[in-house]
Amino acid sequence: MALTSDPPVDKTAHRPPGDDGTGPAPTALTIVPVRRPWRWVAVAATAVVLVQFGHGLVTNPGWEWDVFARYFATEAILRAVWVTLQLTLYGTVIGFALGVVLAFMRLSASPFLRAVSFGYVWAFRSIPLIVQLLFWFNLAYLYDELSIGIPFGPGFVSFDTVGLVGAMSAAVLGLALHQAAYAAEIVRGGVLAVDGGQLEAAASLGIPRLRRLRRIVLPQAMRSILPNAANEIVSLFKGTSIVSVMAIGELFYQVQVVYGRTGQVVPLLMVATVWYVLLTTVLSVVQHYVERHYAKGSTR
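Given the structure is predicted, the values throughout are model-derived calculations rather than measurements.

J.: An account of the environment of Leu 213 is needed here, citing residue identities and associated values.
T.: As for its position among the elements, Leu 213 is in helix H9 (residues 209-239). A sequence separation of 14 residues divides Leu 213 from Leu 199, and the C-alpha atoms of the two residues are 8.6 Å apart. Those residues in contact with Leu 213 that sit more than four places away from it in its chain are Phe 104, Leu 218 and Pro 219.

Right under this line is the structure:
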């Protein structure tokens, strides 16, 4: 007696008519790979375009690679790269610090705080960055001095606006405030991506609110925040070139100064291009390792 409850299989039920099972065994099916001729056409066409582009880079004398090599690591260019990195660092740190505050204001139960946060994001995302930079650069036209004291009352300490908000300060302020509007939405989206049931469970266990935020919400939200935040940092890094309108000696401005003096536009533009590519690549590598750190426990 069989130990299983499965009914016996009738091996003759699915035989074709006239097949009594005594004939030769059927031959194995031949597997024919799918042919994709158009894929190979696309690969060949792309390869030809890339080879032609590379050949043009090497053989076209208009690129003036000797000029590129002469100016790529000069002292003036390296100083400009350092200024660009400073603008990116300050804009990122201040912008995301303010963005976190704005994000939690937007998530607050207070209608007033939500309205203030929404108004800030709406205003700074609506006004072009170059307009914001020029506004902060010309703040002295509106206020001769800034003071700290009693609101609507006497001031205790006063500062000259022209001396306080110079070109570099105005650039950092404009970049950071602009970045904060986008950072606020990135952080808010990451926090909303965390399942609310986890917060309810943590609250039922008596875990303090700040610890819930620090140990439960943010580690999970970072997986959603990091890709978008990295994109914003890269955009900010490249967007620092816009401060050239304020005559700040960042990378693009310095390149403009040099080719305005020498007339060698293309090789100097390539100097800026290669520096932007190199530094963006470094930021992308850092992004990869940070994302991998916060992905622990969520990927196999």
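J.: Give me the lowdown on the packing of aromatic side chains, citing residues and values where you can.
T.: Applying the stated criterion across every chain, the model contains seven aromatic pairs. When the ring of Trp 65 is compared with that of Phe 68, the centres are 5.4 Å apart and the planes differ by 80°; the resulting orientation is edge-to-face. Of the two residues, Trp 65 and Phe 68 are both situated in helix H2 (residues 65-71); the distance of three residues between them amounts to about one turn of the helix. With a centroid separation of 5.2 Å and an interplanar angle of 75°, the aromatic rings of Phe 135 and Trp 136 are classed as edge-to-face. By way of ring pairs, the aromatic residues Trp 63, Trp 65, Phe 68, Phe 72 and Trp 275 are connected into one cluster.

J.: Which residues make up the pattern of salt bridges, and what values go with them?
T.: Considering all chains together, one arrives at three salt bridges under this definition. The shortest N-O distance in the salt bridge between Arg 106 and Glu 185 comes to 3.1 Å. Residue Arg 106 is located in helix H3 (residues 75-106), and its partner Glu 185 is located in helix H7 (residues 167-192); the two are separated by 79 residues in the primary sequence. A salt bridge links Arg 188 to Glu 185; the shortest N-O distance between them is 2.9 Å. With Arg 188 and Glu 185 both in helix H7 and three residues apart, this pair spans about one turn of that helix. Among the ionic contacts, a cluster of salt bridges with common partners joins Arg 106, Glu 185 and Arg 188.

Basis of the calculations
Residues numbered from 1 in each chain as written. Predicted model: local features only at pLDDT ≥ 70, side-chain atom pairs only at ≥ 80, totals over all residues. Heavy atoms only, no water. Helix = DSSP H or I, 4+ residues; strand = E, 2+ residues; numbered from the N terminus. Contact = heavy atoms within 4.5 Å. Phe/Tyr/Trp six-rings, centres within 6.5 Å; stacked < 30°, edge-to-face > 60°. Salt bridge = Lys/Arg side-chain N within 4 Å of Asp/Glu carboxyl O.

On their own, these measurements won't tell you what the molecule is for.
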